[in-house]
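# Overview (structure and organization)
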Amino acid sequence: MAQPVTELPPKPIHAAELMAPERPKPQGRTQPAAAKPPATPSNALNADPQTAEARAVAAKAAKAARAAEARAADERIMSSRAADSRPADGQTACADHEPASQQVLDALFGGDAAFADLARRSPAEAFRCSSLFPGDAALAALRDAVPQAPFDAVGAADQLSTRPGGEEIIARALDLGLLTRSLDGGMPFYETRHELRKRLPKTDLRALEIHAAKALAASLARDPAGMAPKIGALLDDMVDDPPADRFRITMAMSSEDLLGLIARIGPQLYTSSLDGLVNILRIQVKLEKRSFLDLAREERTRPLWAEFFVATVGGGRAASLFGTNPAIARDLMRESLRALLPVDGKPPAIDTAVVIGALADAMDLDSPPIRAALEDELAARYRAAGDTPAKTGLQEVSVRNGTGDTPARSMIGLAGSLHAARLSGRMATPAFEAERFPQHHPLAALPVLSGERLFRNGINVQRMTFYDDPDGRASFRGFLRQHRAQGWALHAQSGFAVAISPERHGRRIIIVADIPGAGDAGRAAAWDWMAREGLTPSIVIHRGHSYHEDATMTEIAPGTALVFWGSCGGHTRLRSTLERAPDALVLATQNIGVSTVNEALLGIMEERLLADGAIDWNAVWKEARGRIRDRRFASYKRPDQDSANLAFRAWQVQTASH
């Protein structure tokens, strides 16, 4: 039976006491015999069916009672907030479950005239919250607002269809000419696509979609930096749509548009979204009778090539980029090196470690001829960067570090060392081998998550951060549910919670977690408690959106051994993390952080810690691949094989030594 949630006792819990042997279980009865459930008779198959049915009903009721008790316990913990907790949201919410805006609230208190004014000034808000205004006068105001916002009316179809006269408003909004004139930048079509597919004839839907795709492409051309994230978010939101529907959004985009889209948002996309865009770009390049090499050299796309290269290679699509022709692949590698490496002593536009890692990843190909072409080009550029400026004519060799190498040459050298370490017995080309990259640019030894680093007196302490938003509250409830089911003891304090694992092999794990809503006061209380107990976290775990990462960053200390970024794009925090904790390993995703993946992966790590007293990434990743079915797990970077992680450490050591 799961252990109950209780308040921490007033008397301090000392860390040593957590390791005390468990008290022996009493041998005699502690309750009267009548309180014990009746034993199942040996001839249960022949038992009275009514008795068996009664037992089944009783068991079901007991299970329901335990579930209700667990839910109540969760609520008790969730309500254990610090003094600065924010008040609960008001009860007024629109049909999209978002709170009503101030102008909607004003209309609620202002009567019919106020709502009519709202419908004229902000028809989108009027339709979004139309369920809050059931009267006939409000219906008339919505009818008049249709010409201004037909897509908003379509988006409110679920609300409108349930009230008398609502279908008439929807029908007015579905006028093809009106919708076409109201497409604006194309996004309204895609935001209401599900309702439109249900309600428009297929021919009208297809015609409208063609106009929407053209409008979207025009918007992207006018404002690429502003529109690219919106289009990326839309593609990710359409992940459950059929691929033919999902990627028709790009049908009016040129190869330059698609390359720019990938360059600007590639690392933030779902893997499936990035794959789809790369596939469509390959098709579009062929239709335009061009090549990736052309795009790397053209005036419009050349400035974006470095970002595109990193996004594409980092997304595992190097083979698609370099194709099957070794000569063209080598030329493309030459152009990519020009785009990626610093010129005239200036730092690269992209983080140095990311560039080094991407160059190494580009050569990690299954095709021996293409891999050989890239190895030869990397070696040639390395040799050229070692020559004098007068001999090579290359500006970037004019600034050298203490080794006599330019920053560009050092970056190439470390990329070569990373690639050499991954060859695993495969032969590189003679030109590549001749440069002896591992000898000239050795990689830094990767920290090991040993028991000495992770445990103190048999206790591993973890700090887990949750934040006060819907995702944070849901993740926190999942954390409680998961650890209760595994028999952990859960304790609530004002503003934070403590989860204590069962003892195994003389080891325990203590997780000190925020309670969403407790804010800075809850965090301070958690650290005060750990200080009193003499507990220092060796693992810091971020459970929340990326915009909360700065708050979690302050939790990382120089001695932190492992940092888990469960947020979207947590990989971008690699440099900042290692600057705070130089000997930490970092586990993060290049893409979307998923609560279910986080829970499963953390659970596996906890099991390994208790069983082995250390973390063996081979064992963790083998088990994770067998247990985690979510395709987005592929974006989580294994710490001991993360190119950027290895490159950052090597670059840090190399620059520090000179």
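Before any of the text, the structure's been laid out above.
Before going into details, it helps to say that this report is about the structure given with it. Owing to the predicted nature of the structure, the values given are computational and were not obtained by experimental measurement.

## Observations regarding the side chain of Ser219
Tracing the chain through its elements places Ser219 in helix α12 (residues 202–222). Leaving out residues up to four positions away in the same chain, Ser219 has contacts with Gly185 and Met227.

## Notes on the environment of Leu269
Among the secondary structure elements, Leu269 is positioned in the loop between α15 (255–265) and α16 (271–287). Looking at Leu269, the relative accessible area reads 1%, which means it is buried. Expressed as a C-alpha distance, the spacing of Leu269 and Ala311, which sit 42 residues apart in the sequence, is 9.6 Å.

## Observations regarding the nonpolar core
Phe127, Leu196, Trp305, Phe309 and Phe322 are the most contacted members of the largest nonpolar core, which totals 127 residues. The contact partners of Leu196, leaving out residues within four places of it in the chain, are Phe151, Val154, Leu174, Leu179, Phe189, Leu205 and Leu208. Grouped together as the second largest cluster of nonpolar side chains are 39 residues, Leu449, Phe479, Ile541 and Trp621 included.

## Details of the state of the cysteines
One pass over the structure, following the stated rule, counts one disulfide. Across the disulfide from Cys94 sits Cys129; the S-S distance is 1.8 Å. Here the disulfide of Cys94 and Cys129 is right-handed, its torsion about the S-S bond being about 80 degrees. Highlighted residues: Cys94 in the loop between α2 (49–78) and α3 (102–121) and Cys129 in the loop between α4 (123–128) and α5 (136–145), separated in sequence by 35 residues. Judged by its relative accessible area of 5%, Cys94 is buried.

## Some thoughts on the pairing of strand β3 (residues 489–492)
Of the two faces of β3, the one carrying Ala489 and His491 and the one carrying Leu490 and Ala492 are both buried. Note that β3 and strand β4 (residues 496–500) share four bridges and pair antiparallel. Note that in β4 the partner of Ala492 across the bridge is Ala497. With antiparallel pairing between neighbouring strands as the criterion, β3 and β4 make up a hairpin whose turn holds three residues, including Gly495 at a positive phi of roughly 105 degrees.

## Side note on helix α8 (residues 166–173)
Those residues of α8 lying buried are Gly166, Ile169, Ile170 and Ala173. One side of α8 carries all its buried residues, which in axial view fall inside an arc of 100 degrees. Contacts from the buried residues of α8 go to α4, α5, α6 (150–155), α7 (157–160), α9 (176–181) and α11 (193–199).

## Describing the pattern of salt bridges
Following the criterion strictly, the structure yields 39 salt bridges and no others. Of the charged contacts, one joins Arg197 and Asp241 as a salt bridge, the two residues approaching to 3.2 Å between their closest N and O atoms. Here Asp241 lies in the loop between α13 (224–237) and α14 (243–246) and Arg197 lies in helix α11, a separation of 44 residues in the sequence. With relative accessibility at 27%, the residue Arg197 sits in the partly exposed group. Arg334 is paired through a salt bridge with Asp331; the nearest N and O atoms lie 2.7 Å apart. Of this pair, Arg334 and Asp331 both sit in helix α20 (residues 326–340), three residues apart, which is roughly one turn of the helix. What makes Arg334 partly exposed here is its relative accessible area of 26%. Classification of Asp331 by relative accessible area gives partly exposed; the value is 24%.

What counts as what
- Residues numbered from 1 in each chain as written.
- Predicted model: local features only at pLDDT ≥ 70, side-chain atom pairs only at ≥ 80, totals over all residues.
- Heavy atoms only, no water.
- Helix = DSSP H or I, 4+ residues; strand = E, 2+ residues; numbered from the N terminus.
- Contact = heavy atoms within 4.5 Å.
- Buried < 20%, exposed > 50% of the residue type's maximum accessible area, 1.4 Å probe, protein only.
- Core = buried A, V, L, I, M, F, W, Y, C linked by side-chain atoms within 4.5 Å.
- Disulfide = S-S within 2.5 Å.
- Pairing = 2+ DSSP bridges.
- Arc of directions from axis to C-beta.
- Salt bridge = Lys/Arg side-chain N within 4 Å of Asp/Glu carboxyl O.

Note that all results are geometric; they support no functional claim without further evidence.
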